[in-house]
Amino acid sequence: MAVPSVAEPAEHLVDFLVYVMPGFIALQLFRAKYPAKKVSEFLQVAWSLIYGVILATAVRGIDGRFLHGWLQSNSPGFPASRFVIALVLAGLFGGIFLAGLYFARFFVAAHWPRFEGLAPDPQSIWAKVNRPSNDYAVVYVDDGSIYFGWIKDYTFDPDAPDNDFLLADAKRVDEQLTEKYSVTGQGVYLNTRNVKRIEFL
């Protein structure tokens, strides 16, 4: 009976990483642009493997059909460095493609009402109300101060209990929204943990 060599488990591990790596890179790039709530490690590996198999298969197909094996994608043993570089690039392009597809769904849904159903779920009301718009907001802070302006920039971490944002063209106002003074500079930095409510106008 043949005894398996020590190199065999290592090769199997390398093969597994070859398929996981491009999918992992693509998902990390996509999540950097469009954050989402964290999933279990099993689901992270599963999705990385699903996308990775698609991307690695595409790289091997391109190598065999158009590059005539120049990437050495089907060579036995440890993968060639040029094949690894191609997988990294495939992961980057895959992430850009996923982000572009996500943005396209937002764009189509925003410009053609009949396609509103294509808009992806941002997983949070905070992210949904802060989609690109010029709506002005009245922000009531827990110290009693009230600010009027528009949310120029904001952070969105689905796993964080609160997020910060910048209110631009801001004015300090009273309960009747009468201006007390204008905020010069970039605006007012605020955090949702200190906000009692926000009224969008």
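The sections below set out a description of the structure shown in this document. (Residues numbered from 1 in each chain as written. Predicted model: local features only at pLDDT ≥ 70, side-chain atom pairs only at ≥ 80, totals over all residues. Heavy atoms only, no water.)

Observations concerning the overall build of the protein
Okay, step 1: Across its full length, the protein holds 4 helices and 6 strands.
Okay, step 2: Listing each helix as α and each strand as β along the protein from the N terminus yields α-α-α-α-β-β-β-β-β-β.
Okay, step 3: Against the globule reference of 17 Å for 201 residues, the protein gives a C-alpha radius of gyration of 25 Å, more extended than a compact globule.
Okay, step 4: Once the C-alpha set of the protein is aligned to its principal axes, its extents read approximately 85 × 40 × 30 Å.
Okay, step 5: Taken over 201 residues, the protein has a buried fraction of 31%. (Helix = DSSP H or I, 4+ residues; strand = E, 2+ residues; numbered from the N terminus. Rg over C-alpha atoms; globule rule 2.2 N^0.38 Å. Buried < 20%, exposed > 50% of the residue type's maximum accessible area, 1.4 Å probe, protein only.)

A word on the pattern of salt bridges
Okay, step 1: Within this structure, the stated rule accounts for 2 salt bridges.
Okay, step 2: Residues Glu199 and Arg197 are paired through a salt bridge, measuring 3.1 Å at the closest nitrogen-oxygen approach.
Okay, step 3: A relative accessible area of 41% places Arg197 in the partly exposed class. (Salt bridge = Lys/Arg side-chain N within 4 Å of Asp/Glu carboxyl O.)

Observations regarding the packing of helix 2 (residues 41-65) against helix 3 (residues 81-111)
Okay, step 1: Running from amino to carboxyl end, helix 2 crosses helix 3 at an angle of 125 degrees, the nearest separation of the two axes being 10 Å. By the angle class used here, helix 2 and helix 3 are oblique. Handedness of the helix 2/helix 3 crossing: right-handed. Facing Tyr51, Leu55, Ala56, Val59 and Arg60 of helix 2, the residues of helix 3 in contact are Phe83, Ala86, Leu87, Ala90, Gly91, Gly94 and Leu98.
Okay, step 2: A per-class count over the contact of helix 2 with helix 3 returns 9 nonpolar, 2 polar and 1 charged. (Axes fitted to C-alpha atoms, helices over the stretch in contact; angles between N-to-C directions. Parallel < 35°, antiparallel > 145°, perpendicular 65-115°, else oblique. Left-handed = near helix turned anticlockwise from the far one by under 90°. Contact = heavy atoms within 4.5 Å. Nonpolar A, V, L, I, M, F, W, Y, C, P; charged D, E, K, R; others polar.)

Regarding unusual backbone geometry
Note on backbone geometry: most residues besides glycine have negative phi, and most peptide bonds are trans.
Okay, step 1: Unlike most non-glycine residues, Gln72 shows phi in positive territory, near 55 degrees.
Okay, step 2: Here Gln72 shows up in the loop between helix 2 and helix 3.
Okay, step 3: For Gln72, a relative accessible area of 36% translates into the label partly exposed.
Okay, step 4: Despite not being glycine, Asp169 has its phi angle at roughly 50 degrees, a positive value.
Okay, step 5: Here Asp169 is to be found in strand 3 (residues 164-173).

So, the nonpolar core
Okay, step 1: Counting residues in each nonpolar core, the largest one holds 13 residues, and the members touching the most others are Val139, Phe165, Leu167, Val188 and Leu190.
Okay, step 2: Elements that contribute at least two residues to this core include exactly helix 4 (125-129), strand 1 (137-141), strand 2 (146-154), strand 3 and strand 5 (188-191).
Okay, step 3: For this core, the element with the most residues is strand 3, which contributes 3 residues.
Okay, step 4: Non-local contacts of Phe165, meaning those with residues more than four positions away in its chain, are made with Trp126, Val139, Ile151, Asp153, Tyr154, Val188, Tyr189, Leu190, Asn191, Thr192, Val195 and Ile198. (Core = buried A, V, L, I, M, F, W, Y, C linked by side-chain atoms within 4.5 Å.)

Here's the deal with the packing of aromatic side chains
Okay, step 1: Inspection of the entire model under this criterion finds 9 aromatic pairs.
Okay, step 2: Pairwise contacts between aromatic rings join Phe30, Tyr34, Tyr102 and Phe106 into one cluster.
Okay, step 3: Over the ring of Tyr140 we find Arg197; its NZ or CZ atom is 3.7 Å from the centre of that ring. (Phe/Tyr/Trp six-rings, centres within 6.5 Å; stacked < 30°, edge-to-face > 60°. Lys NZ or Arg CZ within 6 Å of the ring centre and 35° of its normal.)

Focus on the side chain of Ser48
Okay, step 1: Note on placement: Ser48 falls in helix 2.
Okay, step 2: Looking at Ser48, its side chain comes within polar contact range of the main-chain oxygen of Gln44, at 2.8 Å.
Okay, step 3: Non-local contacts of Ser48, meaning those with residues more than four positions away in its chain, are made with Tyr19, Val20, Gly23, Phe24 and Leu27. (Polar contact = N/O pair within 3.5 Å; in protein donor to acceptor, adjacent residues only side chain to side chain.)

Section: helix 3
In an α-helix, one turn spans 3.6 residues; hence positions three or four apart end up facing the same way.
Okay, step 1: With 31 residues, helix 3 should reach 45 Å at 1.5 Å per residue; the first-to-last C-alpha distance of 45 Å fits that figure.
Okay, step 2: Of the positions making up helix 3, those classed as buried are Phe83, Ala86, Leu87, Ala90, Gly91, Gly94, Gly95, Leu98, Ala99, Tyr102, Phe106 and Ala109. (Expected span 1.5 Å × (residues − 1).)

Section: the environment of Asp162
Okay, step 1: Tracing the chain through its elements places Asp162 in the loop between strand 2 and strand 3.
Okay, step 2: Here Arg193 takes part through its side chain, which lies 3.4 Å from a polar atom of the side chain of Asp162.

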